[in-house]
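Here is how the chains run, residue by residue.
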Amino acid sequence: MKNQIFLSVIIPTLNSENYISKTISKIVNELEKIGYTYELIIINDGSTDATKIKISELKKKYENIRSFEFIKNYGQHAAILCGIRKAKGKYLINMDDDLQNPPQEIYKLINKIEEGYDLVFANFKKKNHNVIKNIGSKFVNSISKYIFKKPSHIKISNFRIFTDEVSNKFKNMNIKSPYIAGYLLLYSNKISQIETNHDKSISAKSSYNLRKTLSLLSNIIFNHSVIPISLISITINNYSISK
């Protein structure tokens, strides 16, 4: 594509009025150092605070920002999918809005994918998640080996870079309950990871709790796998044999 943007950075956000400006400022500073053409895509996932106002201020300050508003909270994966559909970059990066994904590590992802990979995950040296999210991540990584054929040495993270060729394969699908990492794994041929730091969140309160963990696992199992059908089949067969 002629004059294509090099990098699209997709940032879903929810009730981040106290820190979204700091996050975007740091990301922009790092991208300016790297020197490639870029765009920032911010998806406001139904925030009920002043996040929308903060985003409007950021758009006046930085010309490379585009934003999209959800009228209610549809969830992080739906927000990321929206960003993917709107992205114009050769490469797409997902980042959190609370600086746990350090902007100064972006260059590592870019350098790695430029080696010829379709998808590169950040492999955190030390995770600064709460206990619930760490346990949930282990479950997600385990079931992803079975459902999405994840290579055993790869660890899924929400800080990742992938090509537009990969995202083009699924972004226009009619997806009710998306799970982005799963689609990326399914449609990528060359997958790698690179070690990065993982900082503490600058948000005063973690948005990740047991309910969200169970909801994610439920979505993966019931909407993206044949596990429920297999269990039903086994139950029916056992019932038939016992009669």
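Since this is a predicted model, take the numbers as computed values, not measurements.

(A) Structural view of the overall build of the protein chain. A tally of regular secondary structure across the protein chain gives 9 helices and 7 strands. Per-residue burial over the protein chain gives 49% buried out of 243 residues. Counting only contacts in the protein chain whose residues sit at least 6 apart along the sequence, the fraction spanning at least 24 positions is 82%. In the structure as shown, the protein chain presents an accessible area of about 13000 Å², 52% of it carried by carbon and sulfur atoms.

(B) Molecular detail of the pattern of salt bridges. Inspection of every chain in the model, using the stated rule, returns 4 salt bridges. Residues K33 and E30 are paired through a salt bridge, measuring 3.3 Å at the closest nitrogen-oxygen approach. Of this pair, K33 and E30 are both found in helix α1 (residues 20-34), 3 residues apart, which corresponds to roughly one turn of the helix. Here E39 makes a salt bridge to R66, at a shortest N to O gap of 3.0 Å.

(C) Looking closely at empty space enclosed by the protein. Tallying each qualifying case throughout the model produces 1 cavity of 30 Å³ or more. Around the largest cavity, the lining residues are A122, N123, F124, K127, K155, I156 and S157. For the lining of the largest cavity, the class distribution of residues is 3 nonpolar, 2 polar and 2 charged.

(D) How the structure looks around the layout of surface pockets. What the second largest pocket holds in volume is close to 210 Å³. Taken together, 14 residues line the second largest pocket, and the ones lying closest to its centre are K127, S137, K138, N141 and K155. Within the residue set of the lining of the second largest pocket, elements represented by two or more residues are β5 (119-124) and α5 (131-147). Ranked by residue count, the leading element in the lining of the second largest pocket is α5, at 5 residues. Counted by class, the lining of the second largest pocket contains 2 nonpolar, 5 polar and 7 charged residues.

(E) Structural context of the environment of E63. Relative to the assigned elements, E63 resides in the loop between α2 (51-61) and β3 (65-70). In sequence terms E63 and L40 are 23 residues apart; their C-alpha atoms lie 9.4 Å from each other.

(F) Fine view of the confidence of the model for the protein chain. Looking at the protein chain as a whole, the pLDDT averages 88, with 88% of positions reaching at least 70. Confidence drops under pLDDT 50 across residues 226-240; counting only partners more than four residues distant or on other chains, this segment forms 6 contacts.

(G) Examining the nonpolar core more closely. Residues I84, Y179 and I220 are the most contacted members of the largest nonpolar core, which totals 33 residues. Within the residue set of this core, elements represented by two or more residues are β2 (38-45), α3 (76-86), β5, α5, α7 (180-187) and α8 (210-223). Excluding its chain neighbours within four sequence positions, the residues that come into contact with Y179 are H77, V140, S144, F148, I156, L216, N219, I220 and H224.

(H) Local environment of the sheet that holds β5. Spatially, 7 strands are ordered β3-β2-β1-β4-β6-β5-β7 in an open sheet, and the strand pairing comes out mixed. At either margin of the open sheet sits one strand with a lone partner, and together these are β3 and β7 (191-196). Pairs of neighbouring strands in the sheet enclose a mean axial angle of 20°, with direction left out of account. Pairing of β5 with β7 involves 6 bridges; the strand directions are parallel. Residue pairing in the sheet places N123 in a bridge with E195 of β7. Each of β1 (5-13), β2 and β3 is contacted by α1, which is oriented at about 165° to β2, the strand it contacts most. Of the strands in this sheet, β4 (89-94), β5, β6 (160-163) and β7 touch α7, which is tilted by about 45° from β6.

Definitions and cut-offs
Residues numbered from 1 in each chain as written. Predicted model: local features only at pLDDT ≥ 70, side-chain atom pairs only at ≥ 80, totals over all residues. Heavy atoms only, no water. Helix = DSSP H or I, 4+ residues; strand = E, 2+ residues; numbered from the N terminus. Buried < 20%, exposed > 50% of the residue type's maximum accessible area, 1.4 Å probe, protein only. Contact = heavy atoms within 4.5 Å. Areas by Shrake-Rupley, 256 points an atom, 1.4 Å probe, with all protein chains shown as cover. Salt bridge = Lys/Arg side-chain N within 4 Å of Asp/Glu carboxyl O. 1 Å grid on protein atoms, 1.4 Å probe; cavity = no way out; pocket = protein on both sides within 12 Å on 5 of 7 lines; lining within 4 Å. Points joined across faces, edges and corners; volume = space filled by probe spheres on them. Nonpolar A, V, L, I, M, F, W, Y, C, P; charged D, E, K, R; others polar. pLDDT = per-residue confidence, 0-100. Core = buried A, V, L, I, M, F, W, Y, C linked by side-chain atoms within 4.5 Å. Pairing = 2+ DSSP bridges. Axes fitted to C-alpha atoms, helices over the stretch in contact; angles between N-to-C directions.

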